[in-house]
Each structure stands twice: as structure tokens, then as C-alpha cells.
Amino acid sequence: MTVLNYLYQYDLRMLLWCGKSRCNSKFMRWVRLVSRSGDGYLQLLLPIALLVLLPAGGEGFLWLAMSAFMVERPLYFILKNSLKRRRPSDVVPYFSSVVLPSDRFSFPSGHTMAAFLLATLCYLYFGTIALPLYLWACAVGASRVLLGVHFPSDILAGASIGTVIASYSMALFESDGPRFLMSIF
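Since the model is a prediction, treat every value here as computed from it, not as a measurement.

### Structural notes on the side chain of threonine 112
- Tracing the backbone through its elements, the reader meets threonine 112 in helix 6 (residues 110-126).
- Looking at threonine 112, its side chain comes within polar contact range of the side chain of serine 109, at 2.8 Å.
- Setting aside residues up to four positions removed in sequence, threonine 112 forms contacts with Val140, Gly141, Arg144, Ile155, Gly158 and Ala159.

### Structural notes on the layout of surface pockets
- There is about 280 Å³ of room inside the largest pocket.
- Every residue lining the largest pocket is counted, 18 residues in all, and those nearest its centre are Val145, Pro152, Ser153, Ile155 and Leu156.
- Listed by contribution, the elements that provide at least two residues to the lining of the largest pocket are helix 1 (3-19), helix 7 (132-146) and helix 8 (152-176).
- Counting residues per element, the lining of the largest pocket draws most heavily on helix 1, which supplies 6 residues.
- Among the residues forming the lining of the largest pocket, the class breakdown is 14 nonpolar, 2 polar and 2 charged.
- Within this model, the second largest pocket holds a volume of roughly 220 Å³.
- Gly38, Asp39, Arg73, Gly110 and Ala114 are the residues nearest the centre of the second largest pocket, which is lined by 17 residues in total.
- For the lining of the second largest pocket, the secondary-structure elements that each account for two or more residues are helix 4 (55-83) and helix 6.
- Among the elements that take part in the lining of the second largest pocket, helix 4 stands out by supplying 5 residues, more than any other.

### Section: helix 6
- Given a rise of 1.5 Å per residue, 17 residues ought to cover 24 Å, and the 24 Å separating the end C-alpha atoms of helix 6 matches this to within 8%.
- Residue glycine 127 follows helix 6 closely and has a positive phi angle near 90°.

### Re the nonpolar core
- Counting 28 residues, the largest nonpolar core has Phe61, Leu117, Leu118, Leu121, Cys122 and Trp136 as the members making the most contacts within it.
- For this core, the elements supplying multiple residues, two or more each, are helix 3 (41-53), helix 4, helix 6, helix 7 and helix 8.
- With 9 residues, helix 6 is the largest single contributor of residues to this core.
- Excluding anything up to four places from it in sequence, leucine 118 contacts Leu42, Gln43, Leu46, Phe61, Phe69 and Trp136.
- Core analysis: the second largest hydrophobic core is formed by 6 residues, Leu12, Leu15, Val145 and Phe151 among them.

Conventions used here
Residues numbered from 1 in each chain as written. Predicted model: local features only at pLDDT ≥ 70, side-chain atom pairs only at ≥ 80, totals over all residues. Heavy atoms only, no water. Helix = DSSP H or I, 4+ residues; strand = E, 2+ residues; numbered from the N terminus. Polar contact = N/O pair within 3.5 Å; in protein donor to acceptor, adjacent residues only side chain to side chain. Contact = heavy atoms within 4.5 Å. 1 Å grid on protein atoms, 1.4 Å probe; cavity = no way out; pocket = protein on both sides within 12 Å on 5 of 7 lines; lining within 4 Å. Points joined across faces, edges and corners; volume = space filled by probe spheres on them. Nonpolar A, V, L, I, M, F, W, Y, C, P; charged D, E, K, R; others polar. Expected span 1.5 Å × (residues − 1). Core = buried A, V, L, I, M, F, W, Y, C linked by side-chain atoms within 4.5 Å. Buried < 20%, exposed > 50% of the residue type's maximum accessible area, 1.4 Å probe, protein only.

Dropping the structure here:
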């Protein structure tokens, strides 16, 4: 068995194991709500809210977040449309997703990538006070598997890529400050 085949089999087992918990409709309402919270509104509203609430630190964070998402979104589209991994409901017989996915392909999870990008940026910029955002980001990723629109490896890839982009963006921010980020615009 090749490594990729082994990983696919493991991915499939995890997906089906998670799918067993989809029977409880109250639980699935919460899962849908968590998934919707990762649709991008928080990624936009949180930096703006921090700008209003913390004018001194909020402006730098807004520039940092805008710059990081200007890297993340195109990379997400390039990866998703070049790798073209089909969604679980397209490849697993008798498996259906709970929600209609927003696009055609599965890898990587954009919801998870953006959630981990935001959580990591907040942690690196504001410190441990932002750690609860990681719980939210993990919940967003798990919700995508529970809803049947992603394989677990899509979530791991999204979380990893979002974290790397945030870390790299923060390193650039710390080395040159907002001047470098503002020069992009």
C-alpha cells in the first residue's frame, strides 16, 4: 500500500467515523452555526472592531490582517483549483453532505485556513488573551468534516497553511512594521 493510499484510507475512516455523530439534529444545528461563523464575516469584523476599540494597536493589526488575507485568499483559490480534490460526497458511495458546499473542490479547507490565519494573527499580535480563538478555529475545522464537505486532511492542511501565512506575515510586520505592509497598498 502506498503512502498516499494509506493516508486516503485513514482520511476516509475518520470521515465516516465523524459522520456517525450526525444523527442528533440539535447537535447538527450547532455544527452548522459554528461552520457559518467561519464564512468570513469574523475575519472582516474583528480587525475593524479592534481598530475602533483599540485605535493605537488596532490600526497595525488591521494592516497586518489585510496583508495576510491578501496572500491567503489567492493561495487558497490557486491550491483548490489546481489540486482539484473532489468532495467526500463526490467520491464516497452513499455518503452525502449536510450542507451544499460553497465551491466544487475540497482541498484545502478555506474556512479552516482563514479561521487559523485569524486566530494565529490575534495570538501573535495580542498574546495569550487571543488563545480562545484557537478553540473557535478548531471548531470551524471540525464542523466542516461533520457537515461532510471536507476530509480531515483538508482541515489539517487548511490549519497548517493559515498558521504559516500568519506567522510569516507577523515576521514581516515585526521586521519592518506597518510601513512595509502599507507600502503594499
